[in-house]
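# Descriptive analysis of the structure
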Amino acid sequence: MKSRRHDLIKKIIEEEIIETQDALAEALRVRHVRVTQATISRDIKELYLVKVPAGNGRYRYALTPSESVRFSERKMKRLFKDNVVLCDFSENIVLIKTIPGGASTVASALDSSGWTEVLGTVAGDDSIFLLVKPKYAAESVAARIQALLR
């Protein structure tokens, strides 16, 4: 129930301007989800929702930037097919070569992917170093990237 409610909250705040906890609770009730103010408050903390300007001096709830840029697997496949030309690894570093100018977008997608083995990326114009932990996971991360290219 909680994960379904969290998914619904994300959808609501992407589609509507929700300025208050009361407005969020009402939007959930309209969708037949009963919640208390305490539950809404907890959900906001757990989802790391933030208030962002909505214009005219108003503020609305939104996903944190790292949440909002997360790519679906379909989008990742398209991004990688369009930009990545090579993927290889050595020790705990995966090297990804992209078309010129494509590295920062691919690196950003990897940074926000939620892949637990990925510690971070360093991107140039057409190359990315992806740091992996533990060391033995580099091969599986490279294989996962190769799978996105198919």
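A brief report on the enclosed structure follows. (Residues numbered from 1 in each chain as written. Predicted model: local features only at pLDDT ≥ 70, side-chain atom pairs only at ≥ 80, totals over all residues. Heavy atoms only, no water.)

Taken as a whole, helix α3 (residues 37–46) has its buried residues at T39, I40, D43 and I44. Take α3 and look down its axis: the buried residues cluster within an arc of 135°, on one side only. Residues of α3 that are buried in the fold lie against α1 (2–15), α2 (21–30) and β2 (58–62). Where α3 terminates, the next one or two residues include Y48, which has phi positive at roughly 55°. (Buried < 20%, exposed > 50% of the residue type's maximum accessible area, 1.4 Å probe, protein only. Helix = DSSP H or I, 4+ residues; strand = E, 2+ residues; numbered from the N terminus. Arc of directions from axis to C-beta. Contact = heavy atoms within 4.5 Å.)

Scanning the model with the defined rule gives 0 aromatic pairs in all. The ring of Y61 carries K51 above its face, with NZ or CZ at 4.8 Å from the centroid. Above the plane of the ring of W115 lies R144, whose end atom (NZ or CZ) is 4.2 Å from the centre. (Phe/Tyr/Trp six-rings, centres within 6.5 Å; stacked < 30°, edge-to-face > 60°. Lys NZ or Arg CZ within 6 Å of the ring centre and 35° of its normal.)

Our focus in this paragraph is the nonpolar core. Ranked by internal contacts, the top residues of the largest apolar core, which has 23 residues, are F80, V94, I96, W115, L130 and I145. Secondary-structure elements contributing two or more residues to this core are α5 (73–83), β3 (84–90), β4 (93–98), α6 (103–111), β6 (127–132) and α7 (138–149). Not counting chain neighbours up to four residues away, the residues in contact with I96 comprise V84, L86, C87, L110, D126, S127, I128, L130 and I145. Core analysis: the next-biggest nonpolar cluster, separate from the first, contains 17 residues, I9, A27, L28 and L49 among them. (Core = buried A, V, L, I, M, F, W, Y, C linked by side-chain atoms within 4.5 Å.)

Where nonpolar side chains cluster on the molecular surface, the patch consists of I93, L119, V122, F129 and L131 and spans about 470 Å² of accessible area. For the nonpolar patch, the elements supplying multiple residues, two or more each, are β5 (118–123) and β6. (Patch = residues over 30% accessible without salt bridge, like charges linked within 9 Å, V, L, I, M, F, W, Y side chains within 5 Å. Areas by Shrake-Rupley, 256 points an atom, 1.4 Å probe, with all protein chains shown as cover. Salt bridge = Lys/Arg side-chain N within 4 Å of Asp/Glu carboxyl O.)

What follows deals with the packing of α5 against α7. Packing of α5 against α7 leaves a shortest axis separation of 8 Å and a crossing angle of 85°. Considering the angle they form, α5 stands roughly perpendicular to α7. For the pair formed by α5 and α7, the contact residues are E73, M76, K77, F80 and K81 on the first element and I145, A147, L148 and L149 on the second. (Axes fitted to C-alpha atoms, helices over the stretch in contact; angles between N-to-C directions. Parallel < 35°, antiparallel > 145°, perpendicular 65-115°, else oblique.)

Of the two faces of β6, the one holding I128, L130 and V132 is buried and the one holding S127, F129 and L131 is not buried anywhere. The pairing of β4 with β6 spans 5 bridges and is antiparallel. Within β6, the residue paired with I96 across the bridge is I128. Looking at chain direction, β5 and β6 are connected through 5 bridges and run antiparallel. Each residue of the ladder has a partner; that of V118, found in β6, is V132. The hairpin formed by β5 and β6 contains 3 residues between the paired strands. (Pairing = 2+ DSSP bridges.)

All of the buried residues along α6 are A103, V106, A107, A109 and L110. Down the axis of α6, the buried set is contained in an arc of 160°. They therefore lie on one face. Buried positions along α6 lie against α5, β3, β4, β5 and β6.

To continue, consider the pattern of salt bridges. Counted according to the given criterion, the structure contains 9 salt bridges. A salt bridge links R58 to E19; its shortest N-O distance comes to 2.8 Å. Of this pair, R58 sits in strand β2 while E19 is found in the loop between α1 and α2, placing the two residues 39 residues apart along the sequence. Classification of R58 as partly exposed rests on a relative accessible area of 35%. Between D82 and R78 there is a salt bridge, with the nearest N and O atoms lying 3.2 Å from each other. Of this pair, D82 and R78 both sit in helix α5, 4 residues apart, which is roughly one turn of the helix.

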